[in-house]
Amino acid sequence: MPSLTIALQEGFSGERVTVLLDGEVVFDQAGVRTRTQIGSAHTFTVEVAPGAHRIQVRAPEAGGPVSVVADSSTAPVVRVSRAAAGLRIGADDTPLRHL
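Structure report, in brief. (Residues numbered from 1 in each chain as written. Predicted model: local features only at pLDDT ≥ 70, side-chain atom pairs only at ≥ 80, totals over all residues. Heavy atoms only, no water.)

Structural notes on the pairing of strand β7 (residues 77–83)
Of all the seven residues making up β7, five are buried; the element is thus mostly covered by neighbouring parts of the structure. Where strand β1 (residues 3–8) lies against β7, four bridges are found, and the strand directions are parallel. In the strand pairing of β7, threonine 5 is matched with valine 77. Looking at chain direction, β7 and strand β8 (residues 86–92) are connected through seven bridges and run antiparallel. Bridged to valine 80 within β8 is isoleucine 89. The antiparallel hairpin formed by β7 and β8 contains two residues in its connecting segment. (Buried < 20%, exposed > 50% of the residue type's maximum accessible area, 1.4 Å probe, protein only. Helix = DSSP H or I, 4+ residues; strand = E, 2+ residues; numbered from the N terminus. Pairing = 2+ DSSP bridges.)

So this is what it looks like as structure tokens:
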């Protein structure tokens, strides 16, 4: 079955993060913190049906929610980072380097 890998990467400093896949919560955790040595806070994989899916990430302490549409066949890796201006999200096909 196809899957999407969701990587919470740079800038997280202990906030609650919620990730929704097509409107359903697939991750909800408080205290998300980036390990600066590897630039990763949390990575997980979700099995999905073929086709495009909307990923939304909420971290109220980091500003408003962000979202991206990702297709498991063309952009199976979703990267989320926290910057001074808020959350950033993107999807691509580049493998994660710390896995």
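After that view, the rundown keeps rolling.
So, the nonpolar core
Formed by 22 residues in total, the largest nonpolar core has its most connected members in Val17, Val19, Ile55, Val57 and Leu87. Of all the elements in the fold, those that place two or more residues in this core are β1, β2 (13–21), β3 (24–33), β4 (42–47), β5 (52–58), β6 (66–71) and β7. Beyond its immediate chain neighbours, meaning those up to four positions away, leucine 87 contacts Phe12, Val57, Arg58, Ala59, Ala62, Gly64, Val66, Val80, Ser81 and Arg82. (Core = buried A, V, L, I, M, F, W, Y, C linked by side-chain atoms within 4.5 Å. Contact = heavy atoms within 4.5 Å.)

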